[in-house]
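Fold and geometry: a report
What follows is each chain in one-letter form.
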Amino acid sequence: MSTADMIRQRLVALEPETYTLEDESDQHKGHAGAASGGGHFRLTLVSSRFRNLSTLARHRLVYEAMGELMQREIHALSITALTPEEL
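What this report covers is the structure whose coordinates are included nearby. (Residues numbered from 1 in each chain as written. Predicted model: local features only at pLDDT ≥ 70, side-chain atom pairs only at ≥ 80, totals over all residues. Heavy atoms only, no water.)

1. Some points on the nonpolar core
This is how it is decided: For our purposes a nonpolar core is just a set of buried Ala, Val, Leu, Ile, Met, Phe, Trp, Tyr and Cys residues, chained together by side-chain atoms within 4.5 Å. For every residue, the accessible area (1.4 Å probe, protein chains only) is compared with the maximum for its type, and the residue is labelled buried under 20%, exposed over 50%, or partly exposed between those bounds. The numbering of helices and of strands both runs from the N terminus, where a helix is a DSSP run of H or I of at least 4 residues and a strand a run of E of at least 2. Contacts are residue-level and defined by heavy atoms, with any inter-residue pair within 4.5 Å sufficient.
In this structure, Ile7, Val62, Met66 and Leu77 are the most contacted members of the largest nonpolar core, which totals 18 residues. Elements that contribute at least two residues to this core include exactly α1 (3–11), β2 (39–46), α2 (55–66) and β3 (74–82). Every residue in contact with Leu77, bar those within four places of it in the chain, is listed here: Phe41, Leu43, Val62, Tyr63, Met66 and Met70.

Below, the structure is given as structure tokens:
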């Protein structure tokens, strides 16, 4: 299973209304962090679970959902976390 597929599986816990996940790993070839094999991803996620949460709290929810993927498979994750009203 690809890292992107593993990320998608874990996003279910955040009850997304919609999301986009972009694998930007190819843009980071030769980067020191890419040597470990961890991927670079950009995530835009819309969920009502983010209501009344600060940006930091929203990001923490995403990191919690990713769990140990943040230790190995994911080197960098750029997050835009929005509520449906913020679209």
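2. Brief notes about the pattern of salt bridges
For clarity, the cut-off: Here a salt bridge means any side-chain nitrogen of Lys or Arg lying within 4 Å of a carboxyl oxygen belonging to Asp or Glu.
One pass over the full model with this rule turns up 6 salt bridges. The partner of Arg8 in a salt bridge is Asp5, and the shortest N-O contact between them spans 3.0 Å. One end of the pair is Arg8 and the other is Asp5, both in helix α1 and 3 residues apart, which spans about a single turn. According to the relative accessible area criterion, Arg8 is partly exposed, its value standing at 32%. Ionic pairing is found between Arg58 and Glu86, a salt bridge with its closest N-O pair at 2.8 Å. One end of the pair, Arg58, is in helix α2; the other, Glu86, is in the segment after β3, and 28 residues separate them in sequence.

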